[in-house]
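# Summary of structural features
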Amino acid sequence: MSHPPCPPVPLEPADPICVHEFQPGRAEIEGVGPISSFDEIDMNRRTVLKLAGAGSAGLVVPGWLDRWFLGFGAPFLPGGKGPGDLEAALKSAREAGKPLLVLVIPLDDREKWERGALFGGLLNTAGDEVLADLALCEVACAPVADLRDRLKLAGVSGEPLAVLVETGEKELRGRAVSPALPPQPDPLRGEEWRNARREAEEAARDRIARLAESIRSAVAPDREAIVERAAAAEVGLTPEQMSALVAMADGKGRIDGALADRGAAVLRLHSEDDPRRRERVLVALHAAAVTRFRLKPPPGARWARAGECGTRVEGEENGMVLGCGMGFVPEASRRFLHFFTDR
């Protein structure tokens, strides 16, 4: 994949984030010292790794963690890029009774950067409602050709932004998720940079919101759709797990991130049936989504961070820095998906 040169990209420094070690099984973290440089986060790796391992021990994700990922990334948890990633994601989706949401990797290199920024903004800045929708799916990244050749998925044409693959039947069914998005303005090309940047940031957030709404329309447009997804998920859950999900929704059991992920649709249905459960369910699904989408990237991609005119790919021991194909980098997309393909 080529990386065309670009002009320097002015980025505001990340706000200092304060973290320190915490008790195992908890995610209630107090701040004791500022960290403002990517190279100074080694001391915090154990902290975030504990969050990754707290899925079965009552994970509650604090608000600062989302900002931490956006500002510093997670260089210790790389995503896979092997030839079997897509098939493995499909297998996981079928076992969990979930659809597979494939974020489409385009052929054009510049389009790869633009979509990586859009998808990164979605996964890193999404609110609880959007994360609750994403938790209903397995997520992977792949070119359309892989959907046709490796998954034998018919009926997908062009390069939609995403494809929702329904996995409940032997023959896979795909649905394009490709809302019309306004273009992303580049404030570097304007004279009044401050106003232009503000408008560009607003446009980036609008693009992310439109994509999120389109995903919701495909995944969980109404209660009937959630009922169907819950029924599919219930097939793979034991009676004990079903009881634990009810206790989780009622606030009578600890939040188990792994179980919340597996039974996401069941939790969603519980919150639909009783609005008093809504806040607790959103917390549980937020925890599940952070573990699955932010601690590590979706299969088929790596998390990367844009700074100035270089890209630092998370998970590379040598701190790989690549040339950047993007001009303006929206704040929401400082951490974005970097695609690895055979091309």
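Our subject in this report is the structure included herewith.

What counts, and at which threshold
- Residues numbered from 1 in each chain as written.
- Predicted model: local features only at pLDDT ≥ 70, side-chain atom pairs only at ≥ 80, totals over all residues.
- Heavy atoms only, no water.
- Salt bridge = Lys/Arg side-chain N within 4 Å of Asp/Glu carboxyl O.
- Helix = DSSP H or I, 4+ residues; strand = E, 2+ residues; numbered from the N terminus.
- Buried < 20%, exposed > 50% of the residue type's maximum accessible area, 1.4 Å probe, protein only.
- Axes fitted to C-alpha atoms, helices over the stretch in contact; angles between N-to-C directions.
- Parallel < 35°, antiparallel > 145°, perpendicular 65-115°, else oblique.
- Left-handed = near helix turned anticlockwise from the far one by under 90°.
- Contact = heavy atoms within 4.5 Å.
- Polar contact = N/O pair within 3.5 Å; in protein donor to acceptor, adjacent residues only side chain to side chain.

### Points about the pattern of salt bridges
Within the structure shown, the criterion is met by 21 salt bridges. R335 serves as the salt-bridge partner of E314, at 2.9 Å between the closest nitrogen and oxygen. Residue E314 is found in the loop between β8 (310-313) and β9 (321-323), and its partner R335 is found in strand β10 (residues 335-339); the two are separated by 21 residues along the sequence. Classification of E314 by relative accessible area gives buried; the value is 4%.

### Observations concerning the packing of helix α8 (residues 223-234) against helix α11 (residues 264-273)
In a pair of packed helices, the angle between the axes and the distance between the axes together describe the arrangement. It is at 8 Å that the axes of α8 and α11 come closest, and there the two elements cross at 140°. Considered as vectors, α8 and α11 are oriented oblique to each other. The chirality of how α8 crosses α11 is left-handed. Each of R223, I226, V227, R229, A230 and A233 in α8 lies in contact with α11, whose residues at this interface are A265, V266, R268, L269, E272 and D273.

### Description of the environment of R335
Residue R335 is classed as buried on the basis of its relative accessible area of 0%. The spatial distance from the C-alpha of R335 to the C-alpha of A306 is 6.5 Å, given a sequence separation of 29 residues.

### Regarding the side chain of R277
You can see R277 is positioned in the loop between α11 and α12 (278-294). Overall, the relative accessible area of 16% leaves R277 in the buried class. A distance of 2.6 Å separates a polar atom in the side chain of R277 from a polar atom in the side chain of D250. Every residue in contact with R277, bar those within four places of it in the chain, is listed here: V246, A249, D250, H270 and S271.

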